[in-house]
Amino acid sequence: MSTTAPSGRTHPAGPRLQAAPPVRSGIYHRTVARLTYRALLGRRRALLLFCLPLLLLVIVSAVRALAGQDDGTTADLLQGFALSAMVPLIGVIAGTGAIGPEIDDGAIVYLLAKPIKRSTIVSTKLLVAIGVSVVFSALPTLLAGLVLDGNGQHLAVAFAVAAAAASIAYSAIFLMLGVLTRHAVVVGLVYALVWEGVIGNVVPGARTLSVQQWSLAIAQRISLDSSVTSDVSLTTGVVFLVLVTAVAGWFAAHKLRTLKLAGEE
Amino acid sequence: MRDSRGTHGCGADHYGRPVTVIATESLSKRYPRVTALDRLTVDVNPGVTGLVGANGAGKSTLIKILLGLSPATEGRARVLGLDVATDGAEIRGLVGYMPEHDCLPPDVSATEFVVHMARMSGLPPTAARERTADTLRHVGLYEERYRPMGGYSTGMKQRVKLAQALVHDPKLVLLDEPTNGLDPAGRDEMLGLIRRVHTDFGISVLVTSHLLGELERTSDHIVVIDGGKLLRASSTRDFTQETASLAVEVTDREQDLLVMLGAAGLTVQSSGHLLLVDMADEESYDLVRDAVAQLGVGLVRMEQRRHRIAELFTDDNPYGHPEDGPEGGPDDGPGDGPDSPAGDRAEEKSGTPAAPGTSQEGDGRDAA
Amino acid sequence: MTQPDVAAVPGPPPGPPAASPTDVIHNIGYRKYDGPRLGRGYARKSLYSQSLRGAYGLGRSAKSKVLPMILLGAMCAPALIMVAVAVFTHMTKLPVAYTRYAVLLQAVITLFVASQAPQSVSRDLRFKTTPLYFSRPIERVDYVVAKFAALATALFLLTALPLVILYIGALLAKLDFGDQTAGFAKGLVSVVLLSVLFAGIGLVIAAVTPRRGFGVAAIIALFVITYGAVSSVQGVAMSQEKYDVIGWLGLFSPITLIDGFQTWFLGATSAFPNASGPPNVAAGLVYLLVIAGIIAGCFGLLMRRYRKVGMA
Amino acid sequence: MTVIGIDKASRWFGNVVAVNDITMAIGPGVTGLLGPNGAGKSTLINMMAGFLAPSTGAVTLDGVPIWRNEQAYREIGIVPEREAMYDFLTAREFVVANAELHGLPDPGAAAQKALATVEMEYAQDRRIETYSKGMRQRAKMASALVHEPSVLLLDEPFNGMDPRQRLHLMELLRRMGAEGRTVLFSSHILEEVEQLAHHIEVVVAGRHAASGDFRKIRRLMTDRPHRYLVRSSDDRQLASVLIAHASTAGIELDWTERALRIQAVDFAAFTEFLPRIARDHGIRLFTVSPSDESLESVFSYLVTA
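Definitions and limits used
Residues numbered from 1 in each chain as written. Chains lettered and ligands numbered in written order. Predicted model: local features only at pLDDT ≥ 70, side-chain atom pairs only at ≥ 80, totals over all residues. Heavy atoms only, no water. UniProt positions renumbered as here; feature names shortened; annotations may be inferred. Helix = DSSP H or I, 4+ residues; strand = E, 2+ residues; numbered from the N terminus. Salt bridge = Lys/Arg side-chain N within 4 Å of Asp/Glu carboxyl O. Buried < 20%, exposed > 50% of the residue type's maximum accessible area, 1.4 Å probe, protein only. Axes fitted to C-alpha atoms, helices over the stretch in contact; angles between N-to-C directions. Left-handed = near helix turned anticlockwise from the far one by under 90°. Contact = heavy atoms within 4.5 Å. Nonpolar A, V, L, I, M, F, W, Y, C, P; charged D, E, K, R; others polar. Polar contact = N/O pair within 3.5 Å; in protein donor to acceptor, adjacent residues only side chain to side chain. Pairing = 2+ DSSP bridges. Parallel < 35°, antiparallel > 145°, perpendicular 65-115°, else oblique. Core = buried A, V, L, I, M, F, W, Y, C linked by side-chain atoms within 4.5 Å. pLDDT = per-residue confidence, 0-100.

Chain D carries the name ABC transporter ATP-binding protein in an unreviewed UniProt entry, which gives Actinacidiphila acidipaludis as its organism. Under the UniProt heading Sequence similarities (unreviewed entry), the note attached to chain D is "Belongs to the ABC transporter superfamily."

Caption draft 1: Focus on unusual backbone geometry. Residue and element names in this part refer to chain D. A positive phi angle is found at glutamate 119, which is not glycine, with a value near 55°. In this structure, glutamate 119 sits in the loop between helix H3 (107-117) and helix H4 (133-145). A positive phi is found at glutamate 148, a non-glycine position, where the angle reads about 50°.

Caption draft 2: Inspection of the pattern of salt bridges at higher detail. Under the definition given, this model contains 50 salt bridges over all chains. The shortest N-O distance in the salt bridge between D:Glu70 and A:Lys117 comes to 3.8 Å. Placement of D:Glu70 in the loop between strand S5 (64-65) and strand S6 (76-79) and of A:Lys117 in the loop between helix H5 (109-112) and helix H6 (118-149) is noted, with the two residues assigned to different chains. Residue classification places A:Lys117 among the partly exposed residues on the basis of a relative accessible area of 32%.

Caption draft 3: Just the packing of helix H1 (residues 40-55) of chain C against helix H6 (residues 140-172) of chain C, in detail. Residues and elements named next belong to chain C. At a minimum axis distance of 8 Å, the contact between H1 and H6 shows a crossing angle of 35°. The hand of the H1/H6 crossing is right-handed. On the side of H1, the interface is formed by Arg40, Arg44, Leu47, Tyr48, Ser51, Leu52 and Ala55, while H6 contributes Val141, Asp142, Tyr143, Val145, Ala146, Lys147, Ala149, Ala150, Thr153, Ala154 and Leu157. Of the residues contributing to the contact of H1 with H6, the split by class is 12 nonpolar, 2 polar and 4 charged.

Caption draft 4: Region of interest: the interface of chain C and chain A. With 15 residues of chain C in contact, the opposing surface of chain A contributes 19 residues. Counting across the chain C and chain A interface gives 0 salt bridges. Taken together, the connections running from chain C to chain A amount to 1 residue pair in polar contact (both at pLDDT 80 or more). It is helix H8 (residues 212-239) of chain C that provides the largest number of residues to the side of chain C that touches chain A, a total of 9 residues. Residues belonging to the side of chain C that touches chain A are distributed by class as follows: 9 nonpolar, 3 polar and 3 charged.

Caption draft 5: Quick peek at the sheet that holds strand S9 (residues 221-226) of chain B. All names here are of chain B. One open sheet holds the 6 strands; their spatial order is S6-S7-S8-S3-S9-S10, and the pairing between them is mixed. Strands with a single pairing partner mark the edges of an open sheet, and in this sheet they are strand S6 (95-98) and strand S10 (229-235). For this sheet, the mean inter-axis angle between neighbouring strands, taken without regard to orientation, is 15°. Here 5 bridges tie strand S7 (residues 172-176) to strand S8 (residues 204-208), and the two strands are oriented parallel to one another. Residue valine 173 lies in a different strand from S8, and its bridge partner there is valine 205.

Caption draft 6: The arrangement of the packing of helix H2 (residues 62-88) of chain C against H6(C) in detail. Residue and element names in this part refer to chain C. Packing of H2 against H6 brings their axes to within 9 Å, and their N-to-C directions diverge by 10°. One way to sum up the angle between H2 and H6 is to call them roughly parallel. Crossing hand, H2 versus H6: right-handed. Residue-level inspection shows Leu71, Leu72, Met75, Cys76, Ala79, Leu80, Met82, Val83 and Val87 of H2 in contact with H6, the latter providing Leu158, Thr159, Leu161, Pro162, Ile165, Leu166, Gly169 and Leu172.

Caption draft 7: Quick look at the sheet that holds strand S2 (residues 16-26) of chain D. Residue and element names in this part refer to chain D. Strand order across the open sheet formed by 4 strands is S2-S1-S4-S5, with antiparallel pairing between neighbours. In this open sheet, the two strands that pair with only one neighbour each are S2 and S5. Of the strand pairs in this sheet, strand S4 (residues 56-61) and S5 are connected by 2 bridges, and their pairing is antiparallel. Within S5, the residue paired with leucine 61 across the bridge is valine 64.

Caption draft 8: Local environment of the nonpolar core. Judged by nonpolar contacts, the single largest core of 303 residues is most densely connected at D:Leu44 and D:Met141. Among the elements that take part in this core, helix H7 (residues 155-180) of chain A stands out by supplying 17 residues, more than any other. Sequence-distant contacts of D:Met141, that is, excluding residues within four places in its chain, are made with D:Val79, D:Val118, D:Leu152, D:Leu154, D:Leu169, D:Leu172 and D:Leu173. Membership of the second largest hydrophobic core comes to 37 residues, among which are B:Val250, B:Val277, B:Leu299 and D:Val288.

Caption draft 9: Summary view of the side chain of D:Ser187. All names here are of chain D. Of note, serine 187 is situated in strand S8 (residues 182-187). Classification of serine 187 as buried rests on a relative accessible area of 1%. At a separation of 2.9 Å, a polar atom in the side chain of serine 187 contacts the side chain of glutamate 192. Beyond its immediate chain neighbours, meaning those up to four positions away, serine 187 contacts Leu33, Leu34, Gly35, Lys41, Glu156, Glu192 and Val193.

Caption draft 10: Examining the confidence of the model for chain C more closely. All names here are of chain C. Per-residue confidence for chain C gives a mean pLDDT of 88, with 92% of residues at or over 70. Looking at the elements of chain C, mean pLDDT is at its lowest for H8, recorded as 87, and at its highest for H6, recorded as 96. Of the regions scoring below 50 in pLDDT, residues 1-15 engages in 14 contacts with residues more than four places distant in sequence or in other chains.

Caption draft 11: How the structure looks around the pairing of strand S14 (residues 299-306) of chain B. All names here are of chain B. The buried count for S14 comes to 6 of 8 residues, which makes it a mostly enclosed element. Relative to S14, strand S11 (residues 242-250) runs antiparallel, the two sharing 6 bridges. Its bridge partner being in S14, valine 250 is matched across the sheet by leucine 299.

In structure tokens:
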């Protein structure tokens, strides 16, 4: 994003609207991104971002030490812990954290009161959230897979790709929640733990409407291990992932555009 | 405890009966980066005392030390004759504290909350209930006291905060910005209440405020702390002494009046819509009166200007700066703002003559 | 005790009809208080009882009673059913050991901690009520002790009540008095420890998350994730038949800590895979030390936390 | 010359009407937006800041609607009431970020200039979370000034500031106004408004209650009795002369103040009559002091009206 040259006039009076350059649009604004990164990684909640992948690696190291190299165990752990617990949790933290606290404490004003399209703000924050959650979930998943059985049956790569795809969708969903409600983290956790963690694993019908299953479809395609199965086809999975990401992102932008920072009188 | 002499300078008479409510002796508090209090020596007498201090560490640090919650780096302080270093708990039993910030849980009623706080102060259950009912009535909370506090207005919340500080019948209350967030009507009521806390309840009050005008109106004494040091402590009357300058405002023809008074031998300056007349002697009053009468214009105002506490924070220049504010040389000390450039003085002068003088005369409070 | 107030203001002025002594206008102005001022101990007790009642929503809005009461019900219902079954089918022993009950219903206990620990301490932080406490005679340690004790007691009530039901039921079913009493006593010891441990962990998390929702979520996440991780790795160890490892792994989540402790010290049957509790004396002692260490650590963290919060 | 126009604007939240059919134009100079708590000041400012759409009516910047018009922010600088900023940044980083968000060609220089304007250079490399309220306020000001806006909107800017900080900010705003910017600030502290704004807009319960110079507003309310406190060399005689005059409704001798308290019904007649009659009777006037002309009492009239 190169900076366009606005009027650098120092005299305040006089209309500049006509002469002014257009409002900044696009999908990525460097400054918004920098602020978001620092908000996400510079605070206490970032600890959780580090803790969860660390926990995963500790567990897989322990398991590797116990069980040696084993494809079945690898698939179980990567699906049971990485994809169904860690990925959504990281998604909650990154997705809501990218925008929720700013709206909550009102600092978002400093972004909104700028000649920048609000859709640009949302898309930038979404990209940041995606970046952060991919780094903190797909990468550890890949590492965990390698530790467990060194990409045997392509399991490590399969689950890493699935985790990345899921991270994108989760980021969008939770970013939208962050715009919609002050209780985004709680709602997100309930969704992540209950829907994805329990219902998605137990109630068959719910599985078709589960980010975890959609991304599992990708893992199923990539891995050579027959124990990795999804309830949805690859096409369905990918279509749903794209659709959910796009709709959530659009809706978040729409909501931010009409966000009312009403006085609290 | 180390030193049980009659606390010279802490103003206690022979044995413990405090004449001063608060007495500090070269009290200092230093943090790694800032010095919050710097050898502060001040006595606070019974009555309502206003505390003025820059934002930041000083004020809250002093309150913490006085409540025995934070040790001083050096120096000593006594509250109600008790040493803050050793008798903290006892002091806190006899002192009430109303914080500046919100401190009320929204989901309980004022009654429940204040009863609970009364018990935290050591009142037995029955006494806690009875005193809560009385105290809430005294601060002006009636039916609302059974409703959850989340729905209260700012004024009602401030009343509950005051009630919890009074419920155990303290000898002294520390009120931190009690009028913060209140609109004019609410402020008038709160200031009236604060006066009553002293006059009717017999409780000494130390009240902080950033609004100097309201301290001038409410306090018997005023203590000004700046940069951790005592800038000045004296009675409000001393702070607001009359100056030798007479402010005159007329409905029309200021310039003519200025010329006339000048011709009559008076030194006159124009400031906004005011004329400032240096008082040579009593005759000056008559000269002004006659000049106005002769011009046939209305005499809106003629009063001696009073000093204001705000002057402590501006350049100590005499009145009569030109209206425009030049960019004053910024010489920031760490932590607080630079002295204001001279423009303040001029504008303040042209803007406020009504408020300070007259409200001091006694009308400000019964406006409601 | 209030009636004859300071009758300072006399009735009408000395006028024609002499005022009878019953005609008085009482002074209802400000009254001084010169009754007793009870000290820290009393304030601490008051805070304790208030917080304990608060944990069950007593003295608060009707809405805040709902969840704790439902959880208490959920905790007791299985015990009642078991007792009924035991009495009517003339069982020779209870279907569940006293020591096992809390482990089985850990989800309910977790929910209770997660909902009530934040309500106990996060509110004071969120709404900045803490300075009001510390500007009174009570000290930091009084506050922490009262809050800690109150939540531990609330948890003890939650976990001990079903055991009492089981015990009474067992006696009604004419099961062996000695066995039952011993089992009941062990169960009580176990839930005391559980209550203190869970209360400590819950309070520490709640005290660093002033936002109540975060606190609730963080507590649930901690209990669920650690338990999930421990049991899944235990599962792997089981499949590899490494039973000692199973026993050691229990150290890494709160409920399995309690399980390991009672398995070694109270002779309970472990709920671990293959019932593999702590493998040896050293392991048993480590369980005890870890539990004690966590409880002490939580207390220390709370004290530290409130030193900072103090009067902010 | 930049003007914010509010034209028959209303704003309601459900059935609560926060702003009720207000029309006003805010032009260059300092304007005080005054009203009791809950009067709708913040709602009004939020509409001017483009954070809230008017339910009916229009809020415009030089004729262009502000709502959903990001372009307007090139002209508008906002100092919000809420404390939160990006507290993990230093003030310099924060202001530079704001400059970048405005797309300024040299963000660093613009930021430095803004920080100099608010005299915050000495603390610009400390994190904002370490700041006092007054320093925060100045950092907010710097961020609002960084793009040299022609309109400055400040919601309760003096809240929580100490006397020095207050004086400093007043001076700053005064300067902004003198430079030809449109400066609007809201407050419920009359002392502040009185000292800073010649022009006031008063809102009460969502309605536009008054507009203009507050002294003139006071005089417009001629049906109100004007209260005066007068000290003279002969209060009794003065009282007896005054009470006979039609401009005076009531006189009271205040013993504690040793002064007359006078209710004037006809402001013009009374103020002209008083010096004349004093001169004619040889009574020396020491003090003639209108005791209800402060904004505070103007305001209480408006509120109770």
